[in-house]
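# Geometric and topological summary
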There are 2 protein chains.
Amino acid sequence: LPAVSSLRESDLVARLRRRVGTPPAWITIGIGDDAAVVEPPRGALEVLTTDSLIEDVHFRRAWTAARAIGGKAVAVNLSDLAAMGATPRAILLSLALPADLPVDDFDALVDGVVSAAESHGAVLAGGNLARSPGPLVVDVTAIGEVRRRRVLSRSGARAGEYLYLTGSVGGAAAGLALLASGADREALEPTLKECIDRYEQPVPRLRCGRVVAGSRAASGCIDLSDGLASAARQLAEASGTGLLLEAEALPIHPGASTWASRADLDAVQFAVAGGEDYELLFAVPARRERAFLAAFRRCRDLPVTRVGRLRAEPGAWISRAGSLEPLPTGFEHF
Amino acid sequence: LPAVSSLRESDLVARLRRRVGTPPAWITIGIGDDAAVVEPPRGALEVLTTDSLIEDVHFRRAWTAARAIGGKAVAVNLSDLAAMGATPRAILLSLALPADLPVDDFDALVDGVVSAAESHGAVLAGGNLARSPGPLVVDVTAIGEVRRRRVLSRSGARAGEYLYLTGSVGGAAAGLALLASGADREALEPTLKECIDRYEQPVPRLRCGRVVAGSRAASGCIDLSDGLASAARQLAEASGTGLLLEAEALPIHPGASTWASRADLDAVQFAVAGGEDYELLFAVPARRERAFLAAFRRCRDLPVTRVGRLRAEPGAWISRAGSLEPLPTGFEHF
């Protein structure tokens, strides 16, 4: 298989350009110049984020196909935009490529990036290719827009407000554990297979973020990149409150429960500590709860669950069978 | 020395935040949320670029101090903005940190990033920290603005136009060669020491890019990240022309000449092929030459030199002692 080291940088850029559609009119200068030039959003604020996927830290090439790696690198960035209530506009892609990366994998990775971006209305506007002496690094910058009074932040919540969670938790962590265990994905039962999809192909909750931001029913929001426990702590910390989750209320992914019981792990601990679900966690004042739920009905069948509340008492706790336990610490990067 | 692996991600983010000044009012939400929220430029276009510095590809930790690595990662991005005639506004920083990176180096790297950004009017608005299983990777996204009719691009030039180059060439390549040779920088003569500074601390030609873009005297511009030969080829290719450089006209850095002669290399070949000078190369129509030079007088003593021209005949050539030689190929990334 030919590797990227057999091509010149200009050849790789040319391959990449062929995979990107014609840019829309608001992109004045796209891929191929020193920088991209775009029309800024009008009457809206701009939202900027960057996040990277690094080989052997966030993914393994032996476990996950290049196309999925590219798609996920975009999704995790768009999830950050979703947590601000923003609509994606453009992305930039900075790749560090090991010399031995097959050209086919380069193409598939770029296809994954472009297709994930386009499916959420974002355009690949520019980027950079460099050689890596070690891991494959996929760094994405995402740029979106949000109306001024509709920005969701981490720090606007107050004690007494409810915590609402989209979708389910624990699935992605179970998917990663399944890949690490060397499970044959074709032989898995459907809920476990779905966990691998949750890990490899997270869906940024853009529509929900936007709808809830538009309803102005939530006082704060964060996405679940490092797990529910970590996200809830960060939301509470930024808002200067404590928090209490309800174990019985948690929407644990059925595959995560199955995996946890087979691995002899506590399903609740596993689900709240496990990262990469990329759901949204909202803080909702009691008097806005009906408006929040009404807005949520527009979120295309995505469930939302009240999982706890912020409280004045400091600390992060989970209630379970009538007693309080300290909330486990989430995934830590360093 | 404590390493970054001894700290939590939140500790590292806290250290980083302490090193960044109070954000200006147009940054609505800065470091610490899921994404940054900023006021977009008004009455101007937005310019977006991303570029990374990767350990053992673009720098070595044993040769270059962490502060300079951070500063250079910003400078190479701002150089791309300069080549578009843009003014910097904000940067995002995405770091992949080896576990053994000393915390002091982390601090110094961030100081280098913040200080380089601030000295050119850009604000560090957000970013991401991740662990690296291999090299230190410093990925920067830079965002600037430019007035609509003042954008400089690569593709607007025509055959017959002059090529003008800021500053000098070959210095950065000589600096890299000196570092690679293990030279004791304190013992070097001043012009050679300056070469190491050129390599480690390139100065983005922002004022020049802006002044020339404002004069509308140049039809095209590119920065010299991969050397003059590569930049001239790319400018000519994007404009559909050939090109001819004049060897005798080249402003070769005196340290580059000294290094080339000691290393028994041809100084012209060395200077045109050597990368990382981060000067600007402009295409200037003959009828706009006086306006270009008049504008350039506002560029604070930075010299500019006519080094050749674009021509209808295809190919990239350099004239020397009355005969034509093919232009050497510049630095290739892959």
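Here we summarise the structure given alongside this text. Model, not experiment: these values are computed from the prediction. (Residues numbered from 1 in each chain as written. Chains lettered and ligands numbered in written order. Predicted model: local features only at pLDDT ≥ 70, side-chain atom pairs only at ≥ 80, totals over all residues. Heavy atoms only, no water.)

### Some points on the relation of the copies chain B and chain A
Once chain B has been moved 0.0 Å along the axis and rotated by 180°, it coincides with chain A to within an RMSD of 0.0 Å. Interpreted geometrically, this transformation is the action of a two-fold axis. Both copies contact each other with a shared surface, as 100% of the interface residues of chain B are interface residues in chain A too. (Least-squares fit on C-alpha atoms with pLDDT ≥ 70 in both. Contact = heavy atoms within 4.5 Å.)

### Observations concerning the pattern of salt bridges
All names here are of chain A. Overall, the coordinates contain 42 salt bridges over all chains when judged by the stated rule. Linking Glu-200 and Arg-185 is a salt bridge whose minimum nitrogen-to-oxygen distance equals 2.9 Å. Here Arg-185 lies in the loop between α4 (171-180) and α5 (190-200) and Glu-200 lies in helix α5, a separation of 15 residues in the sequence. According to the relative accessible area criterion, Arg-185 is partly exposed, its value standing at 26%. In this structure, a network of salt bridges that share partners links the residues Arg-15, Arg-19, Asp-107 and Asp-111. (Salt bridge = Lys/Arg side-chain N within 4 Å of Asp/Glu carboxyl O. Helix = DSSP H or I, 4+ residues; strand = E, 2+ residues; numbered from the N terminus. Buried < 20%, exposed > 50% of the residue type's maximum accessible area, 1.4 Å probe, protein only.)

### Focus: the environment of Asp-266 of chain A
Residues and elements named next belong to chain A. Relative to the assigned elements, Asp-266 resides in the loop between α8 (254-262) and α9 (267-273). In this structure, the C-alpha to C-alpha distance between Asp-266 and Gly-170, residues 96 residues apart in sequence, is 11 Å. In contact with Asp-266, other than residues within four places in its own chain, are Ala-260 and Arg-320. At a separation of 3.0 Å, a polar atom in the side chain of Asp-266 contacts the main-chain amide nitrogen of Val-268. At 2.5 Å, the side chain of Asp-266 and the side chain of Arg-320 are in polar contact. (Polar contact = N/O pair within 3.5 Å; in protein donor to acceptor, adjacent residues only side chain to side chain.)

### Side note on a positive patch on the surface
Residues and elements named next belong to chain A. Together, Arg-207, Arg-210, Arg-298 and Arg-300 make up a region of like positive charge exposed at the surface. Looking at the secondary structure, you find Arg-210 in helix α6 (residues 206-215). Accessibility expressed as a relative area gives 34% for Arg-210, which makes it partly exposed. (Patch = residues over 30% accessible without salt bridge, like charges linked within 9 Å, V, L, I, M, F, W, Y side chains within 5 Å. Areas by Shrake-Rupley, 256 points an atom, 1.4 Å probe, with all protein chains shown as cover. Lys, Arg positive; Asp, Glu negative; His and termini not counted. Charge placed at Lys NZ, Arg CZ, Asp CG, Glu CD.)

### Some remarks on the side chain of Asn-77 of chain A
All names here are of chain A. Here Asn-77 lies in helix α2 (residues 66-83). Polar side-chain contacts of Asn-77 include one of 3.0 Å to the backbone nitrogen of Asp-51. Ignoring sequence-local partners within four residues, the contact set of Asn-77 consists of Thr-49, Thr-50, Asp-51, Val-140 and Ala-142.

### Topic: the sheet that holds strand β12 (residues 316-320) of chain A
All names here are of chain A. Strand order in the open sheet formed by 7 strands is β8-β10-β7-β11-β9-β12-β13, with mixed pairing between adjacent strands. Looking at the sheet topology across the chains shown, the edges are occupied by β8 (220-223) and β13 (323-326). Pairs of neighbouring strands in the sheet enclose a mean axial angle of 30°, with direction left out of account. Relative to strand β10 (residues 280-284), β8 is paired through 4 bridges, and the arrangement is antiparallel. Residue Asp-223 lies in a different strand from β10, and its bridge partner there is Leu-280. The strands touched by helix α7 (residues 228-239) are β7 (162-166), β8, β9 (242-246), β10, β11 (304-311) and β12; relative to β8, the strand with the most contacts, the crossing angle is about 145°. (Pairing = 2+ DSSP bridges. Axes fitted to C-alpha atoms, helices over the stretch in contact; angles between N-to-C directions.)

### With respect to the packing of α4 of chain A against α8 of chain A
Residue and element names in this part refer to chain A. Interhelical geometry of α4 versus α8 gives an angle of 50° and a closest axis separation of 8 Å. Here α4 lies oblique to α8, going by the angle between them. Our pair here, α4 against α8, has a crossing hand that is left-handed. Counting all contacts with α4, which are made through Gly-171, Ala-174, Ala-177 and Leu-178, the residues of α8 involved are Gly-255, Ala-256 and Trp-259. (Parallel < 35°, antiparallel > 145°, perpendicular 65-115°, else oblique. Left-handed = near helix turned anticlockwise from the far one by under 90°.)

### Let's talk about the sheet that holds strand β9 (residues 242-246) of chain B
Residue and element names in this part refer to chain B. Spatially, the 7 strands line up as an open sheet ordered β8-β10-β7-β11-β9-β12-β13, and their pairing is mixed. Two strands in the sheet have a free side with no partner beyond their single neighbour: β8 (220-223) and β13 (323-326). Neighbour-to-neighbour, the strand axes of the sheet open up by a mean angle of 30°, direction not taken into account. When β9 meets strand β11 (residues 304-311), the two strands line up antiparallel, connected through 4 bridges. For Gly-242, the partnering residue across the bridge sits in β11 and is Arg-311. In the packing of helix α2 (residues 66-83) onto the sheet, contacts are made with β8 and β10 (280-284), and the angle to β8 comes to roughly 175°. Running over the sheet, helix α10 (residues 289-296) touches β7 (162-166), β10 and β11 and is turned about 5° from β7.

### So, the interface of chain B and chain A
At the interface, 64 residues of chain B touch 64 residues of chain A. Summed over both sides, the interface between chain B and chain A buries roughly 5,300 Å², with carbon and sulfur atoms accounting for 60% of that surface. Here chain B is connected to chain A by 6 salt bridges. Here Arg-148 of chain A ties to Glu-39 of chain B by a salt bridge, and the two come within 2.6 Å at their closest N and O atoms. Linking chain B to chain A there are 19 residue pairs in polar contact (both at pLDDT 80 or more). Counting residues per element, the side of chain B that touches chain A draws most heavily on strand β3 (residues 45-54) of chain B, which supplies 9 residues. Pairing between strand β3 (residues 45-54) of chain A and strand β2 (residues 36-38) of chain B: 3 bridges, direction antiparallel. Bridge assignment links Glu-46 of chain A to a residue of β2 of chain B, and that residue is Val-38 of chain B. (Buried area = accessible area lost by both parts, 1.4 Å probe.)

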